[in-house]
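What follows is each chain in one-letter form.
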Amino acid sequence: MPLTARQRSIHNKNGAKRTASFTKGRKSRKSNEGEYLFTNAPSDLRSIAYPGGAVALALLLSARLASAYWGQIADCDETYNYWEPLHYLVYGSGLQTWEYSPQYAIRSYMSLWLFAVPAKILSYIMTPVSIFYTLKALLAVLTACSELMFYKAVCHEFGVHVGRVWLFLNLPAAGCFASSAAMLPSSWSSALVTAALACWWRRRYPPAIVLIAATVLLSWPFTALLGVPIAVDMLLFKGLYKEFIKWSIISLVIILLPTVAVDSWHYGRFVIAPWNIVAYNIFTEHGPDLYGVEPWTYYFVNGFLNFNIVWVLALSCPLLLVACSLISTRSSRASFCIPYWLSLMPLALWLAVFMMQPHKEERFLYPVYSMIILCGAISLDCLQKMTFAVGTELLRWRKERERRHYLVYTGPLVVMCVLLAGLLSISRIIALHSHYGSVSSLTSHVAPTTSANDVVVCYGKEWYRSSSSFLAPGHVRFIASEFDGQLPAPYTYGANATRVIHPYFNDKNRGDNRTYLQPSECHYLIDSDTGKPTNLQPHYHKKDEWEIVARVPLLDANRSHKIFRAFYVPVLTNKNCVYANLYLLKNKLIEF
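Analysis parameters
- Residues numbered from 1 in each chain as written.
- Predicted model: local features only at pLDDT ≥ 70, side-chain atom pairs only at ≥ 80, totals over all residues.
- Heavy atoms only, no water.
- Buried < 20%, exposed > 50% of the residue type's maximum accessible area, 1.4 Å probe, protein only.
- Helix = DSSP H or I, 4+ residues; strand = E, 2+ residues; numbered from the N terminus.
- Pairing = 2+ DSSP bridges.
- Contact = heavy atoms within 4.5 Å.
- Salt bridge = Lys/Arg side-chain N within 4 Å of Asp/Glu carboxyl O.
- Polar contact = N/O pair within 3.5 Å; in protein donor to acceptor, adjacent residues only side chain to side chain.
- Phe/Tyr/Trp six-rings, centres within 6.5 Å; stacked < 30°, edge-to-face > 60°.
- Lys NZ or Arg CZ within 6 Å of the ring centre and 35° of its normal.
- Disulfide = S-S within 2.5 Å.

Asks: Please provide a residue-by-residue account of the pairing of strand S5 (residues 524–528), values included.
Replies: Across the five residues of S5, five count as buried, placing the element largely inside the fold. Residues Tyr524, Ile526 and Ser528 of S5 are buried on one face, and the alternating residues Leu525 and Asp527, pointing to the opposite face, are buried as well. Where strand S2 (residues 456–459) meets S5, three bridges bridge the pair, whose relative direction is parallel. Across the sheet, the residue bridging to Val457 is Tyr524, located in S5. By the bridge criterion, five bridges tie S5 to strand S7 (residues 579–587) in an arrangement that is antiparallel. Bridged to Tyr524 within S7 is Lys586.

If you want it as structure tokens, here you go:
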């Protein structure tokens, strides 16, 4: 049975021309991708079913748009370092962190303007809440497009079977659900790196270089580490020195120069923000371990929560590849493919570096989420091959070993693993949504007024639960609490607010209460009934001067079972998890 047109387009597109160019003038000729697929595909698999580009894009868009709508902000850094400055660029008000102080200038305004320009245009016809979800939808669409590129490249480089397994593991993954629509540099880097690796595997080196440069200069400088394997391939294996240098220079000119110009204007002095963040985290004593210090087990636990068995398979990938090469005599890789060790080097480098750092956060692994799932898919493929190799020696498969394919006998294995991974991921997503999903809707109950900009919504001990000024009418401010670290402060009014150096900002996370309000100055207050009340953190919802406007359930993690709070299990989660209340309180003593 001949190959379908779609299979030929994936496996043979540019293949013959590329191989001919590499072997021009040589006596011996290597087979191209199309020839390899045709001669090595068993008759029963020449019509292998897998989602085409349109179907894959529809599936990816559905999953990512769902995360844009139902996903919650899990990291206060997303709110205060990105949504708040973005709100300032669009509306002229918002909260400023010390990273945006001209004294330190370790955050770039250039990347924010890429979202602020469409948001500014939409602000004439949309409310801030609608713009918030529109931008999240835009991030979701961009992520889905980069994942489609990755899926096609995986089918081309690692085989259609690995590609389709990657797709079905990726769609429900809890980690991808959390990262795909987040307003975070690590999320932008995830999409850019995913697209760059896809271009690399398709031997499209210029766009691969430009995309890596974009993630380094516009998003997160440390993702330069993920471009090392591409440089190794181009310089050491392909000898493409001129092309590498040319496109590196072009990328610097078209990306770095505008970035420096925009940031220098905002900060009022010459600024290279990507370098500043590298210098702060590497060349200062307090940069990498000022806060967020976690034990060495953090990423192992966090990886399992986000990817469950896929995480275990991904970590086992090197061993399974070696074992598979020793046990199985069947090979599905052609000589023109990039070696496994080089293709999977981005994940190995990233995990090796970030697992050794004392400062660990879930978002630090976002850029390699696609690679984690790819390694899991490759491990599943290895398990299938080894199962087939053992089965041909012990079972009746031996008689048909040469005529049949390993997927015919081991298909149920991968189906069971994909279903298990999907169920655990969905269970994790449901758990997070049921525990924290309603938090962002609380400020929607703030009553509209004729002068909404004068309304002040305050946070105390729940300071890290703010979903940004886009979802809170008026101004977000803080009152004193037991937290003694540094909190953001409002941007000053005026055209040059980004250039003002405030004395209460520092780079050592020392708290400063000069920008705090008294509770009596707040029109609304966010409070909860978790923990024991203290002088700085009383239960405001029990005081007479405060009226309860709305309340939403909030997981009390300290009083809930670790497993059943991490994964939703019908009946058992409700029995083993304890919920508190998050309150929106209205000040009875202020008329507005």
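Next comes the rest of the account.
Asks: Which residues make up helix H12 (residues 228–237), and what values do they have?
Replies: If you check which residues of H12 are buried, you get Pro229, Ile230, Ala231, Val232, Asp233 and Met234. On its buried face, H12 sits against helix H10 (185–201), helix H11 (205–219), helix H13 (241–267), helix H18 (340–343) and helix H19 (345–356). Phi for Gly239, located one or two positions after H12, is positive at around 65°.

Asks: Quick one: what's the story with the pattern of salt bridges, residue by residue and with numbers?
Replies: The final tally for this structure, using the stated rule, is 12 salt bridges. Between Asp381 and Lys385 there is a salt bridge; the shortest N-O distance is 3.1 Å. Of this pair, Asp381 and Lys385 both sit in helix H20 (residues 369–394), four residues apart, roughly one helical turn. We note that Asp381, like Lys385, is buried. One salt bridge in this structure joins Arg559 and Asp556, with 3.5 Å as the shortest N-O distance. With relative accessibility at 57%, the residue Arg559 sits in the exposed group. In the salt-bridge network here, residues are joined through shared partners; they are Asp75, Asp77, Glu361 and Arg363.

Asks: Lay out the side chain of Asn308 in plain terms, naming residues and giving numbers.
Replies: Note that Asn308 resides in the loop between helix H15 (298–307) and helix H16 (309–315). Within the local environment of Asn308, its side chain forms a polar contact with the backbone oxygen of Ala421, the two atoms lying 3.4 Å apart. Within polar-contact distance, the side chain of Asn308 engages the side chain of Ser425 at 3.2 Å.

Asks: I'd love a proper account of the packing of aromatic side chains, names of residues and values included.
Replies: Taken as a whole, this structure holds 37 aromatic pairs when the rule is applied. Three or more aromatic residues link up through ring pairs in this structure, and these residues are Tyr69, Trp70, Trp83, Tyr91, Phe132, Tyr133 and Phe470. Looking at Arg499, its charged tip hangs above the ring of Trp265, at a distance of 5.1 Å from the centre.

Asks: Give a detailed account of the environment of Trp311, specifying residues and quantitative values.
Replies: Relative to the helices and strands, Trp311 resides in helix H16. Trp311 sits in the buried class, given a relative accessible area of 3%. A sequence separation of 61 residues divides Trp311 from Ile372, and the C-alpha atoms of the two residues are 6.8 Å apart. Not counting chain neighbours up to four residues away, the residues in contact with Trp311 comprise Tyr299, Phe300, Gly303, Phe304, Leu351, Met355 and Ile372. There is a polar contact of 3.3 Å between the side chain of Trp311 and the backbone oxygen of Phe300.

Asks: Give a detailed account of the state of the cysteines, specifying residues and quantitative values.
Replies: In this structure the tally under the stated criterion is one disulfide. The side chain of Cys458 participates in a disulfide bridge whose partner is Cys522; the two sulfur atoms lie 2.0 Å from each other. Around the S-S axis, the bridge from Cys458 to Cys522 shows a dihedral of about -90° and counts as left-handed. You can see Cys458 sitting in strand S2 and its partner Cys522 sitting in the loop between strand S4 (489–490) and S5, a full 64 residues away along the chain. With respect to burial, Cys458 and Cys522 carry one shared label: buried. Cys324 takes part in no disulfide bond, and the closest cysteine sulfur to it belongs to Cys382, at a distance of 4.2 Å. By relative accessible area, Cys324 is classed as buried at 7%. Cys375 forms no disulfide, and the closest cysteine sulfur to it belongs to Cys317, at a distance of 4.4 Å. Take Cys375: its relative accessible area is 4%, and that puts it in the buried class.

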